[in-house]
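Listed below are the residues making up each chain.
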Amino acid sequence: MATPVPPGAPRPGANGQQPPPPNFNPNYQTNPNSLADNMQNLNLNRPLSVPNSGPRPSPFGQQPPFPQSLVSAGFPVASPPMSRPGAPPGLVGRAAVPPTGPPRSALPANVPPGRPLGPPVGHPSPFGSRPPPPSLSSSGGSVLPSSPLPSVAVAPPPLGARPSPFVSSSPLTGPAVPPSSAPGGPLSNGPPAIGSGPLPGAPRFPPSASISQPHVGPPPTMMSARAPAQAPAMGSVLGSVAVSSPPAPPMASASPFSAVPQSREPPSGSPYGPQTWSMQPHQGTQPPLIPGSSQAQPPRMFGMPHQLPNQAMTTIPPAMGQPGAPLSGPSKIDPNQIPRPIPNSSSIVYETRQGNSANPPPPATSDYIVRDTGNCSPRFMRCTINQIPCTADLLSTSAMQLALLVQPMALPHPSEDPIQVVDFGESGPVRCSRCKGYINPFMKFIDQGRKFICNLCGFTDDTPRDYHCNLGPDGRRRDADERPELCRGTVEFVASKEYMVRDPMPAVYFFLIDVSMNAVQTGATAAACSAINQVISDLPEGPRTLVGIATFDSTIHFYNLKRALQQPLMLIVPDIQDVYTPLQTDVIVQLSECGQHLEILLENIPTMFQSSKTAESCFGAAIKAVFLAMKSTGGKLLVFQSVLPSVGIGALSSREAEGRTNISAGEKEAHKLLQPADKILKTMAIEFAEYQVSVDVFVTTQTYVDIASISVIPRTTGGRVYYYYPFSAVSDSAKLYNDLRWNITRPQGFEAVMRVRCSQGIQVQDYSGNFCRRIPTDVDLPGIDCDKCILVTLKHDDKLQDGSECSFQCALLYTTVYGQRRIRVSNLSLPCTNMLSNLFRSADLDTQFACFLKQAASEIPTSPLVQAREQVTNFCINILLSYRKFCATVSSSGQLILPEALKLLPLYTLALIKSTGLRNDGRIDDRSFWFNYVSSLSTPLAVPLVYPRMFAIHNLNAMEGDEAVLPPILPLSSEHVSDEGIYLLENGEDALIYFGSSVDSSILQQLFGFTSVDEVPTQYVIQQYDNPLSKKFNDVVNVIRRQRCSYLRNAVLLMHGRRQECKWPFLR
């Protein structure tokens, strides 16, 4: 076997780096609002009257390489704003394809696509449990009331070892997919009919308020697509006033990012006010010290917990008959007193630091605009606690997790400043000579700027002569505000040659399609070919972009895409135990040379294999053969798989029946069915990662495929599994296309390496996510994108000093799609504390829960379900117990006492226990996909996954105005669901529509075209009808798609009395 090529090593046969065009300047800064200003191109649900025109978006949200003359050494150049595609375009068309599919719009060529990380400006935060705290002067406690095959040739092995390819003289032929007609009928919001035509699409952000949004509707081919029908009162507690802030009423908001955001002044001064103990009368003996606290506590009565200063409490009296229940009172908890997420009414402006101290970040699920004043944006890095405990004992007493959630390429808000790019020339960025930390705003310069002290390891270094600058009266360098690396929390350095031992890799995209009998008959093959045909035009332009395509069933079929050939030629590899690549060249070619061949091939593949009777799949052998073709370059491998891999390398057997038996019998080892069947695929995955090949798998299946084993490859190579079960060519083709398009157009990088460094006293304990680790300190990422999030758990290795600050630095070395080597550095500095109350006050709910979620997901394959559920419950209980024991005022034993910052933690914990991954009544593949999806899930999407948003859609006509705004978010409780209502629920990946038993037939007719609930099919494609209510409903769906940057899998319809049909367990 060939020797692995380390990152930066010369690759045999690798294409040399092409110089950028002289007029390319990637750092040209466009109007930050250009994305919003161009939303008139929106195509979601567009009616036929809207012309299918508009420029195609810039592919990856990254500008082409810039001329070096524009970058002065050591000084910043503004990088382009991040791309934001919003809801995966509702499906996008190309002029080169016959107009048989839905039309597609695009952003201007200079505007890259992108996606938001939270609700847009002016839209209520979906799960804002609290508004961003203007100050945290109180301890914040809450006590809560309780076609035929062409002639082909088999490639025989050559003399010696491996077969040599034998090319058929007959070119690849076959009738093209017939164009679909354009039937009349209602406008469709669903997928197009499978064919050679394009799929509809749209930009991802809503229009500016000053721009009229076109009516959105389906392309002609989609107008009538529809799936066939298938089978209490507040009181005081022992002298402590009980205070509860009533939930703010939900507010309808303007179209997201539709206008200049409402700014809010950040908190002034330190967010943590001075401690003042409030004395209670009749207090007795001196209480013990709070663990980790050096201050004496006020006297209290024997056996009573002490009261924290300025503590606000909310009490829910216990129900009658419970311990501690009063003699008289309500017999049940008032639902209105239970803490629930409260959406924010508008976006805020958040400054990361103020007054030389860190500001606590707003909730991850809220809408905010970041001003980088030293600390990085919380979108890039968040800590579970915004004050670092000085000792391990104090952290242990709090029972909370100390961890970072790092999303180094997260998309910023369109109104935020772009990340600055700094070029230090051949010398490279300034670094500490001991720990190799990068220059950042928290390094202190001394001796008139001739030396600097590293904030991470404390080592004193000499300042490079060409970087020297005198200090001002305040001790800061006089040029600090002019250098982004000294005043910004996140910067991007241009990597010098010392970071490259080979030329940066080209952008390679290889598509591998399952053409087994099941895949062809279910329409999965046709859907994949149609989607690929549409996204080819979205790939980065230029000579560095290479593409390839192959198909597989029980054998592997490569295609020669050389331009000199009149048509692509098929080359078959029959040996699936000892695979090989039939050609060393012409299998992966430049996109500019094979565009026409690719289109012809993709149009003919479904017809070529339509009469195939081969049911087997050699998934493992196919990806191994493609890897051999990509080995010299690296790149992205996108696999479309429909059946269980049953032959060849890594063949698997069905374990589903066995799993059902074990679960029903209460077998304790049932969780082992969620582990990979063997180590073959894992070994392959590690080899893929070594050669910088990233794999994404699109599972379009109607049967068990053993995701637990298949997912090992994308997890190890920085990819992801996309799961469509049960796959329907009618309802899932749209989402398949949108997922594929977002996968290749989002901001991303190749051959990346990431490391997190910490101050003395704290060290990294472990990393968790989709990556490969060959050494303990670094994370290898063959592919990295804006959606990938990595959990970094921390631990103490020494005591920290109270009042000092603890620093964290994340450095990501990666290659852009245009072949530039960059280093993105994010810095975060947080205060240290000895007070337990400060830890609870500064806890970050969303980050704590995301940490719980990821840790629970990691336990699923290795622990019995009961144990995993108990662990999740105990996480929550231990935190609340610690708060009650050490920080809360005295209260009845039947009362639930919650810290203000974590008052929604029990609610989210209960939702997590009811989720797919932690229930034993789900399919094995469903659970395997769930924990694989969670492993790289970003913080803003963690809560919605288990606690969805619910909207009433039957009364949308009551909403004022014509803008596409969301109705108020309803609590997930039966009290807010009526028999006359229709409700939409969404969790970021799927949508569900719930029908009451007494829905008005006129409303049903306007929204869905049915007169009775009994006529509603189990599968349905959302359509737009010619009435205001239907238009508003479609507008709501499109707004959600833009917010989540996900098309949302077609709505699952659920009728009253048929709850068993719902795949969301908490609604059963």
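Residues numbered from 1 in each chain as written. Predicted model: local features only at pLDDT ≥ 70, side-chain atom pairs only at ≥ 80, totals over all residues. Heavy atoms only, no water.

Points about the overall build of the protein chain
Quick note on the threshold: In DSSP terms, a helix is any run of H or I states spanning at least four residues, a strand is any run of E spanning at least two, and both are numbered starting from the N terminus. Residue burial is assigned from relative accessible area. The probe radius is 1.4 Å, only protein chains are included, and a residue is buried under 20% of its type maximum, exposed over 50%, and partly exposed in between. For the area figures, the Shrake-Rupley method with a 1.4 Å probe applies, and any residue is considered shielded solely by the protein chains shown.
What the protein chain contains, in helices and strands, is 20 helices and 36 strands. Taken across its 1068 residues, the protein chain has 63% of its residues classed as buried. When the accessible surface of the protein chain is totalled, it reaches about 37600 Å², and 54% of it is carbon and sulfur.

Re the packing of aromatic side chains
Test applied: Pairs were defined over the aromatic rings of Phe, Tyr and Trp, the Trp ring being its six-membered one, requiring ring centres within 6.5 Å. Orientation was assigned from the angle between planes: stacked under 30 degrees, edge-to-face over 60, tilted for the rest. Only when the NZ of Lys or the CZ of Arg is both within 6 Å of the ring centre and within 35 degrees of the ring normal is a charge said to sit over the ring.
Scanning all chains against the criterion turns up 18 aromatic pairs. Taking the centre distance of 5.2 Å and the plane angle of 35° together, the rings of Tyr723 and Phe929 count as tilted. A residue pair is termed long-range when its members are at least 10 positions apart, and Tyr723 in strand 24 (residues 721-724) and Phe929 in helix 17 (residues 924-935) qualify at 206 residues. Taken as a pair, Tyr723 and Phe929 share a single burial class, namely buried. Three or more aromatic residues joined by ring pairs form one cluster here, namely Phe424, Tyr438, Tyr467 and Phe493. A cation over a ring is seen here: Arg379 above Tyr368, with NZ or CZ 4.2 Å from the ring centre. It is Arg923 that lies over the ring of Tyr725; its NZ or CZ is 3.7 Å from the centre.

Focus on the nonpolar core
Put simply, the rule reads: Here, nonpolar core means buried Ala, Val, Leu, Ile, Met, Phe, Trp, Tyr and Cys residues that are tied together by side-chain atoms lying within 4.5 Å of each other.
Ile388, Leu404, Ile556, Leu637, Met754 and Phe808 are the most contacted members of the largest nonpolar core, which totals 138 residues. Of all hydrophobic cores here, the second largest spans 44 residues; its members include Ile532, Phe640, Tyr724 and Ile744.

Here's the deal with the sheet that holds strand 11 (residues 403-406)
Condition: Any two strands between which DSSP finds at least two bridges are classified as paired. Axis definition: a line fit to C-alpha positions, over the contact stretch in the case of helices; interaxial angles, taken between N-to-C directions, run 0 to 180 degrees. By the convention used here, residues are in contact when the closest approach between their heavy atoms is within 4.5 Å.
As summarised here, the arrangement of the four strands in space is 9-11-28-26, forming an open sheet in which the pairing is antiparallel. Each of the sheet's edge strands pairs with one partner strand only, and the pair in question is strand 9 (381-383) and strand 26 (762-768). Taking each pair of neighbouring strands and ignoring which way they run, the sheet shows an average axis angle of 25°. Pairing of strand 11 with strand 28 (residues 790-796) involves four bridges; the strand directions are antiparallel. Residue Leu405 lies in a different strand from strand 28, and its bridge partner there is Leu791. Sitting on the sheet, helix 14 (residues 845-859) touches strand 9, strand 11 and strand 28, and the angle it makes with strand 11 is about 90°.

Overview of the state of the cysteines
For clarity, the cut-off: Disulfides are defined as cysteine sulfur pairs within 2.5 Å.
For the structure on display, the rule yields zero disulfides. In this model Cys786 remains outside any disulfide bridge; the closest cysteine sulfur is found in Cys1045, 7.6 Å from its own.

Some points on unusual backbone geometry
Tyr725 connects to Pro726 through a cis peptide bond whose omega is -15°. Its identity as a non-glycine residue notwithstanding, Lys436 has a phi of 65°, on the positive side. Following the sequence through the fold, Lys436 ends up in the loop between strand 12 (420-423) and strand 13 (444-446). When its relative accessible area of 41% is taken as the criterion, Lys436 is described as partly exposed. Unusually for a residue other than glycine, Asp586 sits at a positive phi of about 70°.

Observations concerning the packing of helix 5 (residues 524-535) against helix 12 (residues 733-745)
Stated precisely, the cut-off is as follows: For classification purposes, an angle smaller than 35 degrees is called roughly parallel, one larger than 145 roughly antiparallel, one from 65 to 115 roughly perpendicular, and anything else oblique. Each crossing gets its handedness from the near helix: less than a right angle anticlockwise from the far helix is left-handed, clockwise is right-handed. Residue polarity is assigned by list, with Asp, Glu, Lys and Arg as charged and Ala, Val, Leu, Ile, Met, Phe, Trp, Tyr, Cys and Pro as nonpolar; anything else, Gly included, falls into the polar class.
Where helix 5 contacts helix 12, the two axes come as close as 9 Å, and the packing angle between them is 40°. Taken together, helix 5 and helix 12 sit at an angle that is classed as oblique. Considering the relative orientation of helix 5 and helix 12, their crossing is right-handed. The residues of helix 12 that touch helix 5, namely those facing Ala527, Ala528, Ala531, Ile532, Gln534 and Val535, are Ser733, Leu736, Tyr737, Leu740, Arg741 and Ile744. Residue composition of the contact of helix 5 with helix 12, by class: nine nonpolar, two polar and one charged.

Observations regarding the sheet that holds strand 14 (residues 451-453)
Spatial strand order, 13-14-15: three strands in an open sheet with antiparallel pairing. Edge positions in the sheet fall to strand 13 and strand 15 (460-462), since each has one partner strand and no second. Adjacent strand axes in the sheet meet at a mean angle of 30°, parallel and antiparallel pairs treated alike. As defined by bridge partners, strand 13 adjoins strand 14 across three bridges and the pair is classed as antiparallel. When the bridges of strand 14 are listed, Lys444 appears paired with Ile453.

Details of the environment of His413
Definition in use: Polar contacts, as used here, are pairs of N or O atoms within 3.5 Å; protein pairs need one atom able to donate a hydrogen and one able to accept it. Residues neighboring in sequence count only if both atoms are side-chain atoms.
On the secondary structure map, His413 appears in the loop between strand 11 and strand 12. The spatial distance from the C-alpha of His413 to the C-alpha of Arg379 is 9.5 Å, given a sequence separation of 34 residues. Within the structure, His413 has its side chain in polar contact with the backbone nitrogen of Ser415 (distance 2.9 Å).

Some details on the pattern of salt bridges
Heads up, the condition is: When a carboxyl oxygen of Asp or Glu lies within 4 Å of a side-chain nitrogen of Lys or Arg, that pair is called a salt bridge.
Summed over all chains, the structure comprises 32 salt bridges. Notably, a salt bridge pairs Arg1049 with Asp732, separated by 2.7 Å at the nearest N-O pair. Of this pair, Arg1049 sits in strand 36 (residues 1049-1055) while Asp732 is found in the loop between strand 24 and helix 12, placing the two residues 317 residues apart along the sequence. Judged on exposure class, the residue Arg1049 and its partner Asp732 are both buried. For the salt bridge of Glu986 with Arg1044, the shortest nitrogen-to-oxygen distance reads 3.0 Å. Of this pair, Glu986 sits in strand 33 (residues 982-986) while Arg1044 sits in helix 20 (residues 1028-1044), placing them 58 residues apart in sequence. Here Glu986 and Arg1044 have matching classes, each one buried. When salt bridges that share partners are traced, they join Arg477, Asp479, Arg483 and Glu485 into one network.

Some remarks on the pairing of strand 12
Along strand 12, one buried face is formed by Gln420 and Val422 and the opposite face, lined by Val421 and Asp423, is buried too. Summarising the sheet, strand 12 and strand 16 (residues 490-494) pair through three bridges and their orientation is parallel. Among the inter-strand pairings, Val422 is bridged to a residue of strand 16, identified as Phe493.

Observations concerning helix 16 (residues 905-913)
Count 3.6 residues to each turn of an α-helix, and residues three or four apart come out pointing the same way. For clarity, the cut-off: It is the directions from the helix axis to the C-beta atoms that the arc portrays.
Within the sequence span of helix 16, burial applies to Leu905, Tyr908, Thr909, Ala911 and Leu912. Along helix 16, the residues classed as buried sweep out an arc of 160° about the axis, all on the same side. Those residues of helix 16 hidden inside the fold are in contact with helix 14, helix 15 (865-886), helix 17 and helix 18 (939-946).

Quick word on the confidence of the model for the protein chain
Which entries qualify depends on this criterion: Known as pLDDT, the predictor's confidence for each residue is given on a scale from 0 to 100.
Of all residues in the protein chain, 65% have pLDDT values of 70 or greater, and the mean over the chain is 75. Contacts from residues 142-315, a stretch scored under 50 in pLDDT, to residues over four places away or in other chains number 568 contacts. Low pLDDT (under 50) marks residues 661-666, which in the prediction has six contacts with non-local residues, meaning those over four places away or in another chain.

Comments concerning helix 12
This is how it is decided: To estimate how far a helix should reach, multiply one less than its number of residues by 1.5 Å.
If you check helix 12, its first and last C-alpha atoms are 18 Å apart, about what 13 residues at 1.5 Å a residue would give, namely 18 Å. Of all 13 residues making up helix 12, 13 are buried, and the element is well covered by its neighbours.

Topic: the side chain of Ser928
With respect to the element layout, Ser928 can be found in helix 17. Excluding anything up to four places from it in sequence, Ser928 contacts Leu674, Ile707 and Ala708.

Brief notes about the packing of helix 7 (residues 619-630) against helix 9 (residues 680-690)
Where helix 7 contacts helix 9, the two axes come as close as 11 Å, and the packing angle between them is 20°. Put simply, helix 7 runs roughly parallel to helix 9. Considering only the axes of helix 7 and helix 9, their crossing is left-handed. Side by side, helix 7 and helix 9 meet where Gly620, Ile623, Lys624 and Phe627 of the first sit next to Met684, Glu687 and Phe688 of the second. When the residues that make up the contact of helix 7 with helix 9 are grouped by side-chain class, the tally is four nonpolar, one polar and two charged.

Brief notes about the environment of Asn440
With respect to the secondary-structure elements, Asn440 resides in the loop between strand 12 and strand 13. Residues Asn440 and Gly374 lie 66 residues apart in sequence; the distance between their C-alpha atoms is 8.6 Å. Within polar-contact distance, the side chain of Asn440 engages the backbone oxygen of Tyr438 at 3.0 Å.

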